[in-house]
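Residue-level structural notes
This is what each chain is made of:
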Amino acid sequence: MDIILYSTHCLLCEILEEKLQVKNIKYTEVNDVALMLNKGIKNVPVLEVNGEMMDFLTACEWVKKQ
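Below: a short report on this structure. As the structure is a prediction and not an experimental result, all values here were calculated from the model.

Let us look at the environment of Glu 29. Within the element layout of this structure, Glu 29 appears in strand E2 (residues 28-30). By relative accessible area, Glu 29 is classed as partly exposed at 25%. Taking the C-alpha atoms as reference, Glu 29 lies 6.9 Å from Ser 7; in sequence the two are 22 residues apart. Here the side chain of Glu 29 touches His 9 through a polar contact of 2.7 Å, side chain to side chain.

Outside of glycine, negative phi angles account for most residues, and trans bonds account for most peptide bonds. Between Val 44 and Pro 45 the backbone carries a cis peptide bond, its omega angle lying at 0°. Positive phi, close to 50°, is recorded for Asn 50, a residue that is not glycine. Among the secondary structure elements, Asn 50 is positioned in the loop between strand E3 (46-49) and strand E4 (52-54). Note on Asn 50: relative accessible area 52%, which makes it exposed.

Relative to the 16 Å expected for 12 residues at 1.5 Å per residue, helix H1 (residues 11-22) spans 17 Å between its end C-alpha atoms, a close match to the ideal helical length. Those residues of H1 lying buried are Cys 13, Leu 16, Glu 17 and Leu 20. Mapping the buried residues of H1 onto a view down its axis gives an arc of 100°, with all of them on the same face. Among the exposed residues of H1, those oriented more than 90 degrees off its buried face are Leu 11, Glu 18 and Val 22. Backbone geometry just downstream of H1 places Asn 24 in the positive-phi region, at approximately 60°.

What follows is about the nonpolar core. Within the largest apolar cluster, 13 residues are counted, with the highest numbers of intra-cluster contacts made by Leu 16, Leu 20, Leu 47, Trp 62 and Val 63. If you list the elements that add at least two residues to this core, you get strand E1 (3-6), H1, E3 and helix H3 (56-65). In terms of residue count, H3 provides more of this core than any other element does, five residues in total. Filtering out sequence-adjacent residues up to four positions away, Val 63 remains in contact with Leu 16, Lys 19, Leu 20, Lys 23, Ile 25 and Leu 47. Ile 4, Tyr 6, Met 36 and Ile 41 belong to the second-largest nonpolar core, a separate cluster that totals six residues.

What counts and what doesn't
- Residues numbered from 1 in each chain as written.
- Predicted model: local features only at pLDDT ≥ 70, side-chain atom pairs only at ≥ 80, totals over all residues.
- Heavy atoms only, no water.
- Helix = DSSP H or I, 4+ residues; strand = E, 2+ residues; numbered from the N terminus.
- Buried < 20%, exposed > 50% of the residue type's maximum accessible area, 1.4 Å probe, protein only.
- Polar contact = N/O pair within 3.5 Å; in protein donor to acceptor, adjacent residues only side chain to side chain.
- Expected span 1.5 Å × (residues − 1).
- Arc of directions from axis to C-beta.
- Core = buried A, V, L, I, M, F, W, Y, C linked by side-chain atoms within 4.5 Å.
- Contact = heavy atoms within 4.5 Å.

Coordinates in, geometry out; function isn't part of it.
Shown next, in the form of structure tokens:
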């Protein structure tokens, strides 16, 4: 499974990162704002799982189900 966390280390980013760590979900973190903007990401955090982009609330629900 390919999991990418797009983050700027804001409060919500830190919360999602902690949820991923608690569930021991391995992910790659991307902090490159230019890359995020190029992908159309205007709000963080965004969790990408196998190509599916999820906002904070959707990502939290996905993590909870893992």
